[in-house]
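Structural characterization, general
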Amino acid sequence: MIFTAAATDPPDHIQVPRAREALWIERLLWVFLLSFALDYRGAIGDGSGGAGIDQLIFLAFCLGSTAGIVFLGRRVLTVRPGVWLIGFWGLFLTFLIVNSLAQGVPVGRAVRVVMPLVFCFFGLVNAHIASCMGIRPAHIVAPVFVAACTNIVWRIIQGFVFQQASLETVRLEVQSPAIGWLAAWIGCAVLLRGRFHWHLLLACGVLFIGIFITVTRSLIFPVMASALATAFCFLLGVRWRQHRWSSLGKRLLPLASAVALVAMVLAVFALAKPVMIERWNERLFHNAAAQNLGSDISYLTRKAEADAIMAILSKDPVHFIHGRGIGSSYYWEPAYLPEILMVFQADDKGFDDIWFAGHSVWTYGLLSGGVIALASYLVLFGGTAALSLWAARANATDPGPDQWLAFLPFVATCCLLSETLTANPFQERLVGILFGMMAGLPQAFMVRASWIHTAARP
């Protein structure tokens, strides 16, 4: 496993005993993470039709690996504190499914839209079991890193080769849902990791080339969120005496080298394909004016969706509590359609009977599950972030070489939250898997912290 993040790190002086099932669980964890590494748009959950044979194969690997991990690690499922989040998210998923069935939402729609949230539950359970079995945090994160990089590269290849996209028009066809997570990993590797590794150069190249080709302004948000969140974590590390201010320049030097290398590559690409620079200039500065619109088209579509959802719920205010069910239909507010149709073709489908997971976690969460869903998302995000910082603090008295990964769930949560400003990341199956793994990762550091205290006893 040449991509294993811990391959060149020194061994951890705090030895957490590995269960005899740990080897098989680690192998199954790779199968689970790679099961949807080659996922792409236009399959389960997008409203365009049924699943292809490749998607069913991905699903079979995902379900099979999860079943194997749960069977081998069933005895550690109730270990605290991870079991609290597992139990809560399981109850929420049960509510979503029962709520949809009770309100007559077609089962096929409900299953397709809820699938990323179910995969988030799988990731949470699998990471929790791996942690309790004594698998090192770096070994848990390694398949996540490989899956994220693979999907970003694959989306680009798949968009240009199989969907026949062109540089003049390509955008969403090649946009990977793993970009936000990789931005979080890069931030942690730069400011919080104890040593430089070539994986950082690889990750920076994959991330910024992926952002550059997609011509998507919102992808700048997770990069900014990663920078701010890791800076906050570095301050905590200084407070906990894990880091020193004097090391800041040394830590930023690899990032400067990586950015310079990526800038050179992008400059060469821009000279070869100047149309990409023109498209970025249009997206950043002239998007509304170029289309003769009063507002940006992205804003218009999201406003049309949000206004329609509020109108639907207002017809029977009780639905503000429990929603209309996941997978239920909604529409875009007709008042915005004249301007929207200046960009979209008049024969485009989906303006009056939409049922995919919307353009926002929060507006679609309100439609599908009401205030209950909004509160549940807040508990998931807040719980993951809090457990991450709690686990990092618990290990601060005797940190190991993987200590930088203790902050990764917190930073990944901040990046995901930044994406919810303009999109609903949980439209994508891979996002559910990646974030579920982050929600379960703090358990590995809580287990390690318990052995620090055990080793300190006479």
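Quick caveat, the model's predicted, so the values are computed rather than measured.

**Topic: helix H3 (residues 82-102)**
If you check H3, its first and last C-alpha atoms are 31 Å apart, about what 21 residues at 1.5 Å a residue would give, namely 30 Å. Buried within H3 we find Gly82, Leu85, Ile86, Trp89, Gly90, Phe92, Leu93, Leu96, Asn99 and Ser100.

**Observations concerning the nonpolar core**
Ranked by size, the top nonpolar core spans 126 residues in total, and within it Trp181, Leu182 and Trp185 carry the most contacts. The residues touching Leu182, leaving out its near neighbours within four places in the chain, are Phe145, Cys149, Ile152, Ala203, Val206 and Leu207.

**Some thoughts on the confidence of the model for the chain**
With 83% of its residues at a pLDDT of 70 or more, the chain shows a mean pLDDT of 85. Overall, residues 1-7 carries pLDDT values under 50, and its contacts beyond four positions in sequence, including any with other chains, amount to 19 contacts. The low-confidence segment residues 43-50, where pLDDT is below 50, has 17 contacts with residues more than four positions distant or belonging to other chains.

**Focus on the environment of Val16**
Residue position: Val16 is located in the segment before helix H1 (22-34). Put simply, Val16 and Arg448 are 432 residues apart on the chain and 6.2 Å apart in space, counted from C-alpha to C-alpha. Contacts of Val16, omitting those with residues within four sequence positions, involve Gly134, Val447, Arg448 and Trp451.

**Looking at the side chain of Ser368**
Its location among the elements puts Ser368 in helix H15 (residues 361-394). Not counting the four nearest positions on each side in its chain, Ser368 is found in contact with Leu96, Asn99, His322, Gly323, Arg324, Gly325 and Ile326.

**Structural notes on the packing of H15 against helix H16 (residues 408-419)**
The N-to-C vectors of H15 and H16 enclose an angle of 155°; their axes lie 8 Å apart at closest approach. For the element pair H15 / H16, the angle class is roughly antiparallel. Relative to H16, the crossing made by H15 is left-handed. Residues Trp362, Phe381, Thr384, Ala385, Ser388 and Leu389 of H15 pack against Leu408, Pro409, Phe410, Thr413, Leu416 and Leu417 of H16. Its residues assigned to classes, the contact of H15 with H16 comprises nine nonpolar, three polar and no charged.

Conventions used here
Residues numbered from 1 in each chain as written. Predicted model: local features only at pLDDT ≥ 70, side-chain atom pairs only at ≥ 80, totals over all residues. Heavy atoms only, no water. Helix = DSSP H or I, 4+ residues; strand = E, 2+ residues; numbered from the N terminus. Expected span 1.5 Å × (residues − 1). Buried < 20%, exposed > 50% of the residue type's maximum accessible area, 1.4 Å probe, protein only. Core = buried A, V, L, I, M, F, W, Y, C linked by side-chain atoms within 4.5 Å. Contact = heavy atoms within 4.5 Å. pLDDT = per-residue confidence, 0-100. Axes fitted to C-alpha atoms, helices over the stretch in contact; angles between N-to-C directions. Parallel < 35°, antiparallel > 145°, perpendicular 65-115°, else oblique. Left-handed = near helix turned anticlockwise from the far one by under 90°. Nonpolar A, V, L, I, M, F, W, Y, C, P; charged D, E, K, R; others polar.

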